[in-house]
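Residues per chain are reported as follows:
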Amino acid sequence: RIRETVDLWSGRYTGDGLHKVAIFELISIAERSALVRDARVLEFTEGTFIVRQGDLEHTLYVILSGMVVVSLDDAAQGAVELARLGEGQYFGEMSLLTGAKRASNVLALTEKCRLMEISSAHIVPILRGKEKILNALAQDIAKRQLKLEARTKAHFFEVDPEALARRAAGIRGQIDEHLARL
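Residues numbered from 1 in each chain as written. Predicted model: local features only at pLDDT ≥ 70, side-chain atom pairs only at ≥ 80, totals over all residues. Heavy atoms only, no water.

### What about the packing of aromatic side chains?
As enumerated under the stated definition, the model contains one aromatic pair in all. Ring geometry for Tyr61 and Phe91: centres 5.1 Å apart, planes at 20°, overall stacked. You can see Tyr61 sitting in strand β3 (residues 59–65) and its partner Phe91 sitting in strand β6 (residues 90–91), a full 30 residues away along the chain. Accessibility classification places Tyr61 together with Phe91 in one group, the buried group. (Phe/Tyr/Trp six-rings, centres within 6.5 Å; stacked < 30°, edge-to-face > 60°. Helix = DSSP H or I, 4+ residues; strand = E, 2+ residues; numbered from the N terminus. Buried < 20%, exposed > 50% of the residue type's maximum accessible area, 1.4 Å probe, protein only.)

### Section: helix α1 (residues 29–38)
Those residues of α1 not exposed but buried are Arg32, Ala34, Leu35 and Val36. Elements in contact with the buried residues of α1: β8 (112–119) and α3 (120–127). (Contact = heavy atoms within 4.5 Å.)

### Quick look at the pattern of salt bridges
By the definition in use, this model includes 10 salt bridges. Arg172 serves as the salt-bridge partner of Glu131, at 2.8 Å between the closest nitrogen and oxygen. You can see Glu131 sitting in helix α4 (residues 131–153) and its partner Arg172 sitting in helix α5 (residues 161–181), a full 41 residues away along the chain. For Arg172, a relative accessible area of 10% gives the class buried. Three or more residues joined by partner-sharing salt bridges are found here, namely Glu93, Asp140 and Arg144. (Salt bridge = Lys/Arg side-chain N within 4 Å of Asp/Glu carboxyl O.)

### Some thoughts on the pairing of β3
Most of β3 is tucked away: seven of the seven residues are buried. By the bridge criterion, six bridges tie β3 to β8 in an arrangement that is antiparallel. Looking at β8, one finds that Ile63 is bridged to Leu115. Here two bridges tie β3 to β6, and the two strands are oriented antiparallel to one another. What sits directly across from Val62, in β6, is Tyr90. (Pairing = 2+ DSSP bridges.)

### Section: the environment of Glu158
Take Glu158: it is sitting in the loop between α4 and α5. Judged by its relative accessible area of 64%, Glu158 falls in the exposed class. Taking the C-alpha atoms as reference, Glu158 lies 8.1 Å from Lys147; in sequence the two are 11 residues apart.

### Considering the environment of Phe91
Residue class for Phe91 comes out buried when judged on its relative accessible area of 4%. Considering only alpha carbons, one finds Phe91 and Ile63, 28 residues apart in sequence, at a separation of 8.5 Å. Setting aside its immediate chain neighbours within four residues, Phe91 contacts Ile50, Val51, Thr59, Leu60, Tyr61, Ile63, Val68, Leu85, Val106, Leu115 and Arg144.

### With respect to α3
For α3, the full list of buried residues reads Ser120, Ile123, Val124, Ile126 and Leu127. End-on, the buried residues of α3 take up no more than an arc of 165°, which puts them together on one face. Turned more than 90 degrees off the buried face of α3, the exposed positions are Ala121 and Pro125. (Arc of directions from axis to C-beta.)

What follows is the structure in C-alpha cells.
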C-alpha cells in the first residue's frame, strides 16, 4: 500500500510506492525516485477544495491516503458527483499533459487526505519518449471523458472500443502538441 511509504510524523513521502500506481509502474526506479524527490506532499482536511473546475494549473496528484470526490459544476443541476478516488489513484493528468483547464472540482472527502503533487516541470522530461505510458494516459483520459458524456445521457456506461480508440488518438495528439511546446 502507498500509505506505508509516508512518514506519519512528518508527512514526508519516504518510499517508492509509486510503482503501485498503474501509470508509474512502467518507469524506472531512478525516475520514480526523482519524482518523489521533487514532489510535494500536501495534506487537505475534509471539505477543502484541492482543484476547482476552470483552474489553469499543470500538476498531477497521486492520492497517498484518504479519499477525494470529483464533481462537475452544472448550471442546471448544481454540483454533480462524477467519482470518488482513493489511495493509489490519481487525477489532474489531462491538465498536466495537454495544458487544458481543469475539467472538474476535486474536494477532500476524508478527515485527512494526503496527496503527492507532481508538477509538469518534473514529470514531462520523464514521460517524453515513453509511448506505452503516454498511450495508457490518453486511453484513461478518453475513457473518463466518454464516461462523463454518457453520464449526462444515461445511467450506465459501456465502453465502445472504436469510440475509445478515436478519442484516445485525439488526446494523444493533444499530448504530443503540448509536450512539444514545453
